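Below are the chains, spelled out letter by letter.
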Amino acid sequence: MKRVKVSELIPGLITAEDVYSFNNQLIVEKGTVLTDEIITRLEYYSVLSIRVEEDVDDTGFSDVTLENKASTLVADSFKDTESNLTYSQRIKATKQYIEFQKSFTNNTEALQGYLHDIIEKNSINTEVMLQSVTSLISKGTTSIGMFDMLHSMRTYDDMTYVHSMSVSLICNIFGKWLSLSKDDIKVLTLAGLLHDIGKIAIPESIIKKPSKLTSDEYRQVKQHTIEGYKILKNLNIDPRIKDAALMHHERCDGGGYPLSVKGDKIPDFAKIVAIADVYDAMTAARVYRGPMCPFKVIAIFEDEGLQKYDSRFILTFLENVGNTYLNNRVVLNDKRQGDIVLIHNNAVSRPLIKLTDGTFVDLEKENRNKLYIEQLL
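All chains use their own residue numbering, which begins from 1 and follows the written sequence. Per-residue local features are limited, in this predicted model, to residues with pLDDT of at least 70; the limit for side-chain atom pairs, both in listing and counting, is 80 or more; totals at the level of whole chains, interfaces and linings are taken over all residues. Neither water nor hydrogens contribute to the side-chain values; these are computed over all heavy atoms in the structure.

**Concerning the overall build of the protein chain**
Right, on to step 1. To qualify as a helix, a DSSP run of H or I must reach at least 4 residues; to qualify as a strand, a run of E must reach at least 2; elements of each kind are numbered from the N terminus. For the protein chain, the count of helices and strands is 15 helices and nine strands.
Right, on to step 2. Whether a residue is buried, partly exposed or exposed follows from its accessible area with a 1.4 Å probe, protein chains only, as a fraction of its type maximum: under 20%, in between, or over 50%, in that order. When the 377 residues of the protein chain are sorted by exposure, 51% land in the buried category.
Right, on to step 3. Look at the contacts in the protein chain between residues 6 or more apart in sequence, and 65% of them connect residues 24 or more apart. Contacts between residues were defined by any pair of non-hydrogen atoms, one from each residue, lying within 4.5 Å.

Laid out in structure tokens, this is it:
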């Protein structure tokens, strides 16, 4: 068996151990054949790596490296599911995307410098940092424009700085959906930018270690929330930003870390950043595919997240993300195509679809395991 980072897993591998969450909840049993959804669920529970069987898996590969498996799967995806790239390619071809990508890259590089200045000089210029985000908002134009471009840019080798910029943009949009004041949106945007600053204090050798983490190394990775709070605690910034850095991995059911607090013990902005953080992580590209379809991610939140996240925030988030794709063409897992014509507030991942032949399919009334949205077209 061998230990593999969750970010490098591919469908078809077989788990060589039971996989548990931070609060010892069984997520995946030993001997499970990994699927795209299971890998995403591991990301959802912030699992860093797992052991998998090394020799043979049920895809027929034997004594083949992960890299060769990934290459084969990517090649097959181009050959057999070329339409999977159509939506992203369409976005990337626009002038707006090209301008956004250039500006995003420049601002993310600047963010790296800002974060290191905070650590080394113990000072922060919040206005300059905010400008790096707000300058991108105009290029995103609308909520759907921003989400589309973020998804189209994602790679499976995301760095802390790219993730932080993406979470900050999502927080900015999320704040508007929640009808927060302009000042509160600024604070929330900064909270997104700074939520993972503690990872910079964790040795890179641990963050990128390909083999099994020792107990001490694993503890250090989980400590990035506390390290982030230590970095920010003496700065003249809104305390909600400091709380978000400390508590964005806390969950309302008490299953988070580092404090394992529940419900109203978690500050609102930490709860909001937590949703943006997990959503950004789950929609990231993998070694074997492009960014995950938002409706698959929404389905995981609906199935497993309503106890973990404050309903005031998670329901607003899911509904608005779903509505950004109203009237969009999608492909169902049975290969039929259609347009989303109605989003159900109580089942956002299961909208009403008008098929290309003029008939309708209401996914809310269908078996969710047998019929679902496979991809955006």
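Picking up after the structure, the text goes on.
**Examining the packing of helix α8 (residues 182-194) against helix α13 (residues 268-282)**
Right, on to step 1. In this analysis an axis means a line fitted to C-alpha atoms, helices contributing only their contacting stretch, and an angle means the value between N-to-C directions, from 0 to 180 degrees. α13 packs onto α8 with a crossing angle of 55° between their chain directions and a minimal axis gap of 10 Å. Relative to α13, the element α8 is oriented oblique. Here α8 runs over α13; the crossing is right-handed. Of α13, the residues touching α8 (which contributes Asp184, Val187, Leu188, Ala191 and Gly192) are Phe269, Ile272 and Val273.
Right, on to step 2. Among the residues forming the contact of α8 with α13, the class breakdown is six nonpolar, one polar and one charged. Small angles under 35 degrees read as roughly parallel and large ones over 145 as roughly antiparallel, with 65 to 115 read as roughly perpendicular and the rest as oblique. Crossings are classed by handedness, with left-handed meaning an anticlockwise turn of the near helix from the far one by less than a right angle and right-handed meaning a clockwise turn. Classification used: nonpolar for Ala, Val, Leu, Ile, Met, Phe, Trp, Tyr, Cys and Pro, charged for Asp, Glu, Lys and Arg, polar for all others including Gly.

**Focus on the packing of aromatic side chains**
Right, on to step 1. Working definition: a ring pair exists when centres of Phe, Tyr or Trp rings (six-membered ring for Trp) sit within 6.5 Å. Plane angles under 30 degrees give stacked, over 60 give edge-to-face, the rest tilted. Scanning the entire structure with this criterion turns up 10 aromatic pairs.
Right, on to step 2. Ring centres 4.9 Å apart and planes at 50° place the aromatic pair Phe174 and Phe317 in the tilted group. Pair noted here: Phe174 is in helix α7 (residues 160-177) and Phe317 is in helix α15 (residues 311-323), with a separation of 143 residues, a long-range link.
Right, on to step 3. Taking relative accessible area as the criterion, Phe174 reaches 0% and is therefore assigned buried.

**Re the pattern of salt bridges**
A side chain with one charge may pair with a side chain of the opposite charge, provided their charged atoms come close.
Right, on to step 1. The term salt bridge refers to a pairing of a side-chain nitrogen on Lys or Arg with a carboxyl oxygen on Asp or Glu at a separation within 4 Å. All told, the structure shown has 18 salt bridges when counted by the stated rule.
Right, on to step 2. Between Asp253 and Lys308 there is a salt bridge whose closest N-O contact spans 3.1 Å. A residue pair is termed long-range when its members are at least 10 positions apart, and Asp253 in the loop between α12 (239-247) and α13 and Lys308 in the loop between α14 (294-304) and α15 qualify at 55 residues.
Right, on to step 3. Since its relative accessible area comes to 9%, Lys308 is described here as buried.
Right, on to step 4. For Asp334, the salt bridge identified is with Arg336, shortest N-O distance 2.8 Å.
Right, on to step 5. The class of Arg336 is partly exposed, set by a relative accessible area of 36%.

**A closer look at the pairing of strand β5 (residues 329-332)**
Right, on to step 1. As paired elements, β5 and strand β6 (residues 337-344) share three bridges and run antiparallel to each other. Along β6, the bridge assignment pairs Val331 with Gln337.
Right, on to step 2. Here β5 folds back onto β6, and the loop between the two strands holds four residues, one of which, Lys335, carries a positive phi near 80°.
Right, on to step 3. Relative to strand β9 (residues 373-376), β5 runs antiparallel, the two sharing three bridges. Note on β9: the bridge partner recorded for Val330 is Leu376. For two strands to be treated as a pair, DSSP must find at least two bridges joining them.

**Some remarks on the side chain of Asp277**
Right, on to step 1. Relative to the helices and strands, Asp277 is located in helix α13.
Right, on to step 2. Under the convention used here, Asp and Glu are negative, Lys and Arg are positive, and both His and the chain ends fall outside the count. The charged side chain of Asp277 is buried without a salt bridge, its nearest counter-charge being Arg251 at 5.3 Å.
Right, on to step 3. N or O atoms within 3.5 Å of each other form a polar contact, as long as, within protein, one can give a hydrogen and the other can take it, and as long as residues adjacent in sequence are counted only when both atoms are side-chain atoms. Here His195 takes part through its side chain, which lies 3.3 Å from a polar atom of the side chain of Asp277.

**So, the packing of α8 against α12**
Between two packed helices, the angle of one axis relative to the other and the distance separating the axes together describe the packing.
Right, on to step 1. In contact at an axis separation of 9 Å, α8 and α12 are set at 35° when each is read in the N-to-C sense. Relative to α12, α8 is oriented so that their crossing is right-handed. Together, Asp184, Val187, Leu190, Ala191 and Leu194 of α8 and Arg240, Ile241, Ala244 and Ala245 of α12 make up the contact between the two elements.
Right, on to step 2. A class-by-class count of the residues in the contact of α8 with α12 yields seven nonpolar, no polar and two charged.

**Brief notes about unusual backbone geometry**
Right, on to step 1. Cis geometry marks the peptide bond from Tyr257 to Pro258, where omega comes out at 10°.
Right, on to step 2. Here Pro258 lies in the loop between α12 and α13.
Right, on to step 3. One non-glycine residue, Asn122, lies in positive phi territory at about 55°.
Right, on to step 4. Inspection of the secondary structure assignment puts Asn122 in the loop between α4 (95-121) and α5 (126-140).
Right, on to step 5. The class of Asn122 is partly exposed, set by a relative accessible area of 46%.
Right, on to step 6. Here Ser260, not a glycine, exhibits a phi torsion of approximately 55°, which is positive.
Right, on to step 7. Mapped onto the elements, Ser260 comes out in the loop between α12 and α13.

**Digging into a nonpolar patch on the surface**
Right, on to step 1. Residues Val341, Leu342 and Phe360 make up a contiguous nonpolar surface patch of about 260 Å² in total accessible area.
Right, on to step 2. Here Val341 lies in strand β6.
Right, on to step 3. Accessibility expressed as a relative area gives 33% for Val341, which makes it partly exposed. Candidates for patches are residues over 30% relative accessible area with no salt bridge; among them, like charges are joined within 9 Å and nonpolar side chains (Val, Leu, Ile, Met, Phe, Trp, Tyr) within 5 Å. To be clear on the numbers: accessible area is Shrake-Rupley with a 1.4 Å probe, and residue cover counts the displayed protein chains and nothing else.

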